[in-house]
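Given next are the chains, with one letter for each unit.
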Amino acid sequence: MIELIPAIDIIEGQCVRLTKGDYDQKTVYRDSPAEVAKEFEEIGFKRLHVVDLDGAKSKHIVNSEVLRRITTDTQLVVDFGGGIKTDEDIEKAFAAGASMVTIGSIAVTNPDLFMGWLEKYGAERIILGADVRHGKVSINGWKEDSSEDLLPFLKKYIDAGVKNVLCTEISKDGTLTGPAIELYQSMMAAYPELHLIASGGVSSIDDIKALEAAGIPAVVFGKAIYEGKINLNELWDWQNA
């Protein structure tokens, strides 16, 4: 059964969503991310994906106190990303209650630092962020495309022990046009042992069912919740039928 991971993206302490990572295409949905997290937990969800969009843009963690409120007010297993660039940042995320962190840009720009974190904290607590645009891994809040091609980039880190990868097809993110299933299938075909977390474009429960049918282990979804495209009680009932 596919792992269901609702998402909360944060700007200025509020629960928001962007379209294709564009900060100029921002919609504010709720003032309290912690209240949203509690609602997810009350339905039955166990995992939560939290992104500090201010942090991603500023290149250092900004919303650690919002993370702390979420992890204090719920028992959710939270993975946290956005702005983790230094030892201080990653320590701040874990101190605020994150169970896992998602690291993307540093894996591109400073592989030695990423490898050090992987060794220090372990593969169960480090998620490799591999967000893709035009076949290249994107960095720094999706504002820049690197020269890294996706599959060789993954191989380097899977060989080093990475088990969990979160991949967003940026052109799909926030568009509600359906996930990039062929991309995820190509990743799973190359690395069948991977715990791949698909992200971007999910618009319905049928999209999630299609990802499960394609053999994708986990999915992050956000905008479809906030726009009323997915009824979380129905989704939970489907998975637990």
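Everything quoted here is computed from the prediction, not taken from an experiment.

Enquirer: Can you walk me through the overall build of the chain in this structure?
Expert: The helix and strand inventory of the chain stands at 11 helices and 13 strands. Here the C-alpha radius of gyration of the chain, 16 Å, is about what a compact globule of 241 residues would show, namely 18 Å. For the chain, the proportion of its 241 residues judged to be buried stands at 57%. Counting only contacts in the chain whose residues sit at least 6 apart along the sequence, the fraction spanning at least 24 positions is 65%. Working note: accessible area of the chain is about 10000 Å², and carbon and sulfur atoms make up 46% of it. Side-chain charges in the chain split into 25 positive and 38 negative, and the spacing between the mean points of these groups amounts to 2 Å.

Enquirer: How should the pattern of salt bridges be read in this particular structure?
Expert: If the charged atoms of two oppositely charged side chains come close together, the side chains can form a pair. Counting across every chain of the model gives 11 salt bridges. The partner of arginine 47 in a salt bridge is aspartate 79, with the nearest N and O atoms 2.9 Å apart. Taken as a pair, arginine 47 in strand β4 (residues 47-52) and aspartate 79 in strand β5 (residues 77-81) lie far apart in primary sequence, 32 residues in all. With relative accessibility at 10%, the residue arginine 47 sits in the buried group. Two residues, lysine 163 and glutamate 124, come together in a salt bridge whose shortest N-O distance is 3.2 Å. One end of the pair, lysine 163, is in the loop between α7 (150-159) and β11 (164-168); the other, glutamate 124, is in the loop between α6 (111-121) and β7 (126-129), and 39 residues separate them in sequence. Each of Glu3, Arg47 and Asp79 takes part in a single network of salt bridges with overlapping partners.

Enquirer: For this particular structure, what's the right way to read the packing of aromatic side chains?
Expert: The geometry of an aromatic ring pair is captured by two quantities: the separation of the ring centres and the angle between the planes. Evaluated as defined, the whole model comprises 6 aromatic pairs. Ring geometry for phenylalanine 40 and phenylalanine 45: centres 6.5 Å apart, planes at 75°, overall edge-to-face. Site record: aromatic cluster; members linked through ring pairs are Phe40, Phe45 and Trp236. We note lysine 57 situated over the ring of tyrosine 23; from NZ or CZ to the ring centre the distance is 4.8 Å.

Enquirer: Whenever I open this one, helix α8 (residues 181-190) confuses me. Can you help?
Expert: The α-helix winds at 3.6 residues per turn, so residues separated by three or four positions along the chain end up facing the same way. Where α8 is concerned, the buried positions are Leu183, Tyr184, Met187 and Met188. In a view along the axis of α8, the buried residues occupy a sector of 130°, so they form one face of it. Seen from the open side of α8, the exposed residues pointing more than 90 degrees away from its buried face are Glu182 and Ala189. Tucked into the core, α8 has its buried residues touching α7, β11, β12 (195-199) and α9 (205-213).

What counts and what doesn't
Residues numbered from 1 in each chain as written. Predicted model: local features only at pLDDT ≥ 70, side-chain atom pairs only at ≥ 80, totals over all residues. Heavy atoms only, no water. Helix = DSSP H or I, 4+ residues; strand = E, 2+ residues; numbered from the N terminus. Rg over C-alpha atoms; globule rule 2.2 N^0.38 Å. Buried < 20%, exposed > 50% of the residue type's maximum accessible area, 1.4 Å probe, protein only. Contact = heavy atoms within 4.5 Å. Areas by Shrake-Rupley, 256 points an atom, 1.4 Å probe, with all protein chains shown as cover. Lys, Arg positive; Asp, Glu negative; His and termini not counted. Charge placed at Lys NZ, Arg CZ, Asp CG, Glu CD. Salt bridge = Lys/Arg side-chain N within 4 Å of Asp/Glu carboxyl O. Phe/Tyr/Trp six-rings, centres within 6.5 Å; stacked < 30°, edge-to-face > 60°. Lys NZ or Arg CZ within 6 Å of the ring centre and 35° of its normal. Arc of directions from axis to C-beta.

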